[in-house]
Amino acid sequence: MPNFAIMSFFKTAGKPFIIAGPCSAESREQVMETAAALKDLPVQLFRGGVWKPRTRPGSFEGNGVDALDWLKEAKQAYGTKITIEVAEPHHVELALQYGVDAVWLGARTTVNPFQVQRIADALKGNILPVLVKNPVNPDVDLWEGAIERIHRAGIVDVAAIHRGFSIYDAGAVYRNSPNWPVPIELKRRRPELSIICDPSHITGRRNMVAELAQKAMDLGFDGLMIETHPDPEKAWSDAAQQITPAALTELLQHLVIRHEFTADMGKSTELEYLRQLMDSIDAEVIDLLARRMELSERIGAVKKDSNITAYQPERWRDIVASRGEHGERQMLSKEFIVALYQMIHDESIRRQLEILRNATKPVKD
Ligand code: PEP
Ligand code: MN
């Protein structure tokens, strides 16, 4: 497994790694004005889209090398590091030529292993930090695979960006569903990988960006990518989700940063104590589940002898109703208990079917 422990570019001790700037670099004035407004904020990378992957033809597709000139000028004027999206090998060459400090792969690139490989090949032999946005579909293997391709090209500084997943639902709250278990699974697999959240593309609405940014901090994300534009309503792309530099300033001031560990001895002792209690409860839960499955198998043996079906809708209805009510008395939501019992019941039925099919199955008593 590649060693991610030495990554450093995307690490900021105890503070979130912030990427901000417009969706698209629209004009020299817009780039310079935004960069000037962000220069005193704790922003590690200034973003600006140079080539834009648009859903439909005929929309603004970016200013290309002109935009690279403006970003380079902003970097020289304000000392801000700059980042752009690359979707083609020649974008990588131009990024290197113009002194771009980091590049990101967009969601529509990550989804395509051929294209990711072409970009990885163009990166070979260069030192350039790379951010990999999640693919448009919630596939953690595809996301991790893209990260691996970049890493195998010799890029040491690799980070991930969670920008949500495409959904077909006109009434949806989010533009791209956050589907948190996917980035959480990526972090479980690669604890050393910085994962940055992009609340702009997740929400698609500027009035929800701050709330989602806080949620990402509460979940332990390592940073944020936030689209920032001096006049968001007039933006040439993603106008509904960009926020002003003033709104970004306020957002960053109010952001509550949480840490994975606490230096407070009292609190860490309390946490340790509560976790030990939880560990012993979990051990009991698992032991009880094992006993429950044992009973299922005994029931299965009786069903086999009596030649009756493993699945009995009446019994399942009873379980849903009684366990749901019991849960509610214990302040556990019905949805949660029913979902949990669905899994337990599935396993129980699977075991009973095995017994019905097998001629002999040892049954404990
Ligand atoms: C962007 O960052 O402007 C962009 C196009 O992102 P995504 O790949 O997440 O759609
Ligand atoms: Mn955008």
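Numbering of residues begins from 1 in every chain and follows the order in which that chain's sequence is written. Lettering for chains starts from A, numbering for ligands starts from 1, and both go in the order in which the items are written. The predicted origin of the model limits local features to residues at a pLDDT of at least 70 and limits the giving and counting of side-chain atom pairs to 80 or more, whereas totals for whole chains, interfaces and linings rest on all residues. Calculation of side-chain values draws on the structure's entire complement of heavy atoms; hydrogens and water are dropped beforehand.

## Some points on the coordination of the manganese ion (ligand 2)
Stated formally: Here a donor is an N, O or S atom found within 2.8 Å of the metal, or within 3.2 Å if the metal is Na, K or Ca; sites may look incomplete because water is not among the atoms. Each residue gets one of three labels from its accessible area relative to the maximum for its type: buried under 20%, exposed over 50%, partly exposed in between, using a 1.4 Å probe on protein chains only.
Within the protein, Cys23 (SG), His201 (NE2), Glu227 (OE) and Asp238 (OD) serve as the donor atoms for the manganese ion (ligand 2), at 2.1 to 2.4 Å. What makes Glu227 buried here is its relative accessible area of 0%.

## A few points about the packing of helix 5 (residues 113–123) against helix 6 (residues 140–152)
This is how it is decided: Angles here are taken between N-to-C directions and fall from 0 to 180 degrees, while the axes themselves are lines fitted to C-alpha atoms, restricted in helices to the stretch in contact. Helix and strand definitions here come from DSSP, where helices need a minimum of 4 consecutive H or I residues and strands a minimum of 2 consecutive E residues; each element is numbered from the N-terminal end. Each angle gets one of four labels, with under 35 degrees taken as roughly parallel, over 145 as roughly antiparallel, 65 to 115 as roughly perpendicular, and the rest as oblique. A crossing counts as left-handed when the near helix is turned anticlockwise from the far one by less than a right angle, and as right-handed when that turn is clockwise. In what follows, residue pairs with any heavy atoms lying within 4.5 Å of each other are defined as contacts. For this classification, the nonpolar set comprises Ala, Val, Leu, Ile, Met, Phe, Trp, Tyr, Cys and Pro, the charged set comprises Asp, Glu, Lys and Arg, and every other residue, Gly included, is treated as polar.
As a packed pair, helix 5 and helix 6 sit with axes 8 Å apart at the nearest point and diverge in direction by 20°. For the element pair helix 5 / helix 6, the angle class is roughly parallel. Like other packed secondary-structure pairs, helix 5 and helix 6 cross with a definite hand, here right-handed. In this structure, helix 5 uses Pro113, Val116, Gln117, Ala120 and Leu123 to contact helix 6, whose residues at the interface are Leu142, Ala146, Arg149 and Ile150. Tallied by class, the residues present in the contact of helix 5 with helix 6 amount to seven nonpolar, one polar and one charged.

## Brief notes about the confidence of the model for the protein
Filter applied, for reference: Values of pLDDT, ranging from 0 to 100, describe the predictor's confidence in every residue of the model.
Here the protein averages 93 in pLDDT, while 96% of its residues score no lower than 70. Counting interchain partners and residues more than four positions distant, the pLDDT-below-50 stretch residues 3–7 has 14 contacts.

## Some remarks on the site of ligand 1
Definition in use: A molecule or strand has a residue near it when one of that residue's heavy atoms lies within 4 Å. Polar contact is defined as a pair of N or O atoms within 3.5 Å, subject to the rule that within protein one atom must be able to donate a hydrogen and the other to accept it, and that residues adjacent in sequence are counted only when both atoms are side-chain atoms. Accessibility throughout is a Shrake-Rupley quantity obtained with a 1.4 Å probe, and a residue counts as covered only by protein chains that appear here.
Inspection of the region around ligand 1 gives 13 residues, with Arg47, Lys52, Ala107, Lys133 and Arg163 positioned closest. Between ligand 1 and Lys52, the relevant distance is 2.8 Å, taken from an oxygen atom to a side-chain nitrogen or oxygen of the residue. In this structure, an oxygen atom belonging to ligand 1 sits 2.8 Å away from a main-chain N or O atom of Ala107. Considering ligand 1 on its own, with 290 Å² of exposed area, one finds that the protein chains cover 97% of that surface. Considered class by class, the residues forming the shell around ligand 1 number four nonpolar, two polar and seven charged.

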